[in-house]
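Fold and contact review
Below are the chains, spelled out letter by letter.
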Amino acid sequence: FREYLLQKNVTIGVYGRNGLQTEASWHPMGMAAALRHRLSQWLMQAMGQQAGEYASTLLLGSQNLIPESDRQAFSRLGIAHILSVSGFHVGVLAGLMSKLLWKMRLSRKLRFAVTAAVLAVYCWLTGMNAPVLRAAMLFLLFEFGALRHRQRSSLHLLSAAWIIQLALSPAQLTSLSFQLTYGAMLGLTLVAPWLKGLWTPKHLEKPWNGLCQALGAQIGILLPELYWFQELPLLGIGLNVLVLGAAAGLIMLCWVTLALLPFPPLAALVGRLTALLLDGMLVVVRCLGEAPGITLWTCRANLLTAVAWVLLVAGMSWWWRKRRALAIALSVALLVVSVYPWPQHGTQYVQLSVGEADAAVLQDGPVTAVNTVEKSQGNDPLLFHKAHSLF
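The rules we used
Throughout this description, residue numbers start from 1 for each chain and increase along the sequence as written. Confidence filtering applies because this is a predicted model: local features only for residues at pLDDT of at least 70, side-chain atom pairs given and counted only at 80 or more, and all residues used for totals across whole chains, interfaces and linings. Here the side-chain values reflect all heavy atoms present in the structure, with hydrogen atoms and water set aside. Strands here are runs of E lasting at least two residues and helices are runs of H or I lasting at least four, both read from the DSSP assignment and numbered beginning at the N terminus. Throughout, radius of gyration means the C-alpha value; the globule benchmark is 2.2 Å times the number of residues raised to the power 0.38. Whether two residues are in contact is decided by their heavy atoms, any of which lying within 4.5 Å being enough. Under the convention used here, Asp and Glu are negative, Lys and Arg are positive, and both His and the chain ends fall outside the count. Here the site of a charge means atom NZ of a Lys, CZ of an Arg, CG of an Asp or CD of a Glu. Salt-bridge detection follows one rule: a side-chain nitrogen of Lys or Arg within 4 Å of a carboxyl oxygen of Asp or Glu. Exposed residues in this analysis have more than 50% of their type's maximum accessible area, buried residues have under 20%, and partly exposed residues fall in between, with area computed by a 1.4 Å probe over protein chains only. Only residues above 30% relative accessible area that lack a salt bridge enter a patch, with like-charged residues linked at up to 9 Å and the nonpolar side chains Val, Leu, Ile, Met, Phe, Trp and Tyr linked at up to 5 Å. We get accessible surface area from the Shrake-Rupley algorithm with a probe of 1.4 Å; when it comes to residues, only the shown protein chains can shield them. The span one expects for a helix is its residue count, reduced by one, times 1.5 Å. Every angle, taken between N-to-C directions, lies between 0 and 180 degrees, and every axis is a line fitted to C-alpha atoms, over only the stretch in contact when it is a helix. For classification purposes, angles smaller than 35 degrees are called roughly parallel, those larger than 145 roughly antiparallel, those between 65 and 115 roughly perpendicular, and all remaining angles oblique. Rotating anticlockwise by less than a right angle from the far helix to the near helix defines a left-handed crossing, while the corresponding clockwise rotation defines a right-handed one. Polarity classes work like this: nonpolar for Ala, Val, Leu, Ile, Met, Phe, Trp, Tyr, Cys and Pro, charged for Asp, Glu, Lys and Arg, and polar for all others, with Gly in that last group. Two N or O atoms count as a polar contact when they lie within 3.5 Å, although within protein this holds only if one can serve as hydrogen donor and the other as acceptor, and sequence-adjacent residues are included solely when both atoms are side-chain atoms. Joining through side-chain atoms within 4.5 Å is the link that ties buried Ala, Val, Leu, Ile, Met, Phe, Trp, Tyr and Cys residues into a set, and such a set is a nonpolar core.

**A closer look at the overall build of the protein chain**
For the protein chain, the count of helices and strands is 15 helices and six strands. Its C-alpha radius of gyration of 23 Å places the protein chain within 12% of the 21 Å reference for a compact globule of 391 residues. Long-range contacts, defined as pairs at least 24 residues apart, comprise 59% of the intrachain contacts of the protein chain with a sequence gap of at least 6. If the 29 positive side-chain charges of the protein chain are averaged to one point and the 16 negative ones to another, these points end up 20 Å apart.

Rendered as structure tokens:
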């Protein structure tokens, strides 16, 4: 828990003190939280309650506004990253800024300075969120290389951002978002180019490139995904190809709505259009999220899985061409063996937290017993919510 707090930049904790009061003093992060709340309320007024909550999540990272059932549906489909402000959202904002500043015919240095200032404000507005900081740093390093007419190697820039962030916060190394972000970027840098080179379609170049990028990113995050979640969304690759473009358009419309808030009639017009599109996306996600067989459950990734992942990335990279087929075949075999859910032997007890409750899992051979205890709404301190469900 201490490590988790350090990853969130929480270094001080106060326990056992009553009657604490806040001082009416200026604090930058407090101002950011207040501004996020105010912008969320304005978006809800312009777009409606549900659409405004999702717009606030897509732009400002207010995930507490999203129902748990919807978050589970996005997760089962392998597109939960859309709801988490990270590199994709920063890329949409940076791309929007680049096009806008280029049309204003500003010099390259001035465009870089304005973009850097906007990204700095966005990092502050999102609470100095680690994924946002990583993405902003990568984008600015890439643009700074172009400004200085330097050779820009994606792998070198990725390594530079990795070193800088770990130097500032070493606890990030074991965080899930850190591993997913750099895993996805590693897959896009090493695996996606090789996949694109396998086939060059004449009339399907853009869909093929999108599929290669989605597959490369999926391979990049395969190891942390198997370690943290023990599941593989079977529809994730195909849906990411279709959803990312639509999500980018929705995020742009949300930014336009936010920019038009000083003009209520225009903001309401664009907001209602965006709300209709968001509602349509939610209907599709909720229907697909309830479909059976869309998730493949696995065992937790282990050292053998890590070896298999390294062989897979190496086999699909340009720097190991001679034994590529052997490396890929061996990696797939090791991967299947390491995460296949073999029958459970012996007895195992696991205690875990499930949000508002504590759960105990007892595995004894082929039988699994789950017991959940949660806080009740009445006077009783504890309530057995689920008892001894066998499956």
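**Some words on the pattern of salt bridges**
Tallied over the full model, the rule gives two salt bridges. Note that Arg71 and Glu68 form a salt bridge whose closest N and O atoms lie 2.6 Å from each other. Of this pair, Arg71 and Glu68 both sit in helix α4 (residues 68–76), separated by three residues, roughly a single helical turn. We classify Arg71 as partly exposed; its relative accessible area is 27%.

**Examining the side chain of Glu231**
With respect to the element layout, Glu231 can be found in strand β1 (residues 231–233). The charged side chain of Glu231 is buried without a salt bridge, its nearest counter-charge being Arg76 at 6.3 Å. Other than its neighbours up to four places away in sequence, Glu231 contacts Ser75, Glu225, Leu226, Thr295, Leu296, Trp297 and Thr298.

**Re a nonpolar patch on the surface**
Residues Leu304, Val332, Val336, Val337, Tyr340 and Trp342 make up a contiguous nonpolar surface patch of roughly 580 Å² in combined accessible area. The biggest single contributor to the nonpolar patch is helix α15 (residues 324–339), with three residues. Relative to the helices and strands, Val336 resides in helix α15.

**What about helix α10 (residues 205–220)?**
Taking 1.5 Å of rise per residue, 16 residues should cover 22 Å, and α10 covers 22 Å from first to last C-alpha, within 8% of that figure. Inspection of α10 places Trp208, Cys212, Ala214, Gly216, Ala217, Gln218, Ile219 and Gly220 among the buried residues, and these make up the whole buried set. If you follow the buried residues of α10, they end up packed against α9 (176–198), α11 (222–228), α12 (236–259) and α14 (303–315).

**Side note on the packing of α14 against α15**
Where α14 contacts α15, the two axes come as close as 8 Å, and the packing angle between them is 155 degrees. On the basis of the axis angle, α14 is roughly antiparallel to α15. In this structure, α14 crosses over α15, and the sense of that crossing is left-handed. Counted together, Leu304, Thr305, Val307, Ala308, Leu311, Leu312 and Gly315 of α14 and Arg324, Ala327, Ile328, Leu330, Ser331, Leu334, Leu335, Ser338 and Val339 of α15 form the full contact between these two elements. The residue inventory of the contact of α14 with α15, partitioned by class, reads eleven nonpolar, four polar and one charged.

**Side note on the packing of helix α5 (residues 87–103) against helix α6 (residues 108–125)**
The geometry of a pair of packed helices is captured by two quantities: the angle between their axes and the separation between those axes. One way to put it is that α5 packs onto α6 with a least axis distance of 10 Å and a crossing angle of 145 degrees. Judged by the sense of rotation from one axis to the other, the crossing of α5 with α6 is right-handed. The segment α5 lies against α6, with His89, Val90, Leu93, Met97, Leu101 and Trp102 engaging Arg111, Val114, Thr115, Val118, Leu119 and Tyr122. For the contact of α5 with α6, the residue count by class is nine nonpolar, two polar and one charged.

**Considering the side chain of Thr126**
Note on placement: Thr126 falls in the loop between α6 and α7 (130–147). At a separation of 2.9 Å, a polar atom in the side chain of Thr126 contacts the main-chain carbonyl oxygen of Tyr122. Once residues within four sequence positions are removed from consideration, Thr126 is found in contact with Arg36, Leu59, Leu60, Val85 and Val132.

**Re the nonpolar core**
Ranked by internal contacts, the top residues of the largest apolar core, which has 49 residues, are Met47, Leu59, Phe74, Ile79 and Leu278. The dominant element in this core, judged by the number of residues it contributes, is α12, at nine residues. Once residues lying within four places of it in the same chain are set aside, the contact partners of Leu278 are Met47, Ala51, Tyr54, Ala55, Leu58 and Leu250. If you look at the next biggest cluster of nonpolar residues, it comprises 18 residues, including Leu190, Leu195, Ile219 and Trp309.

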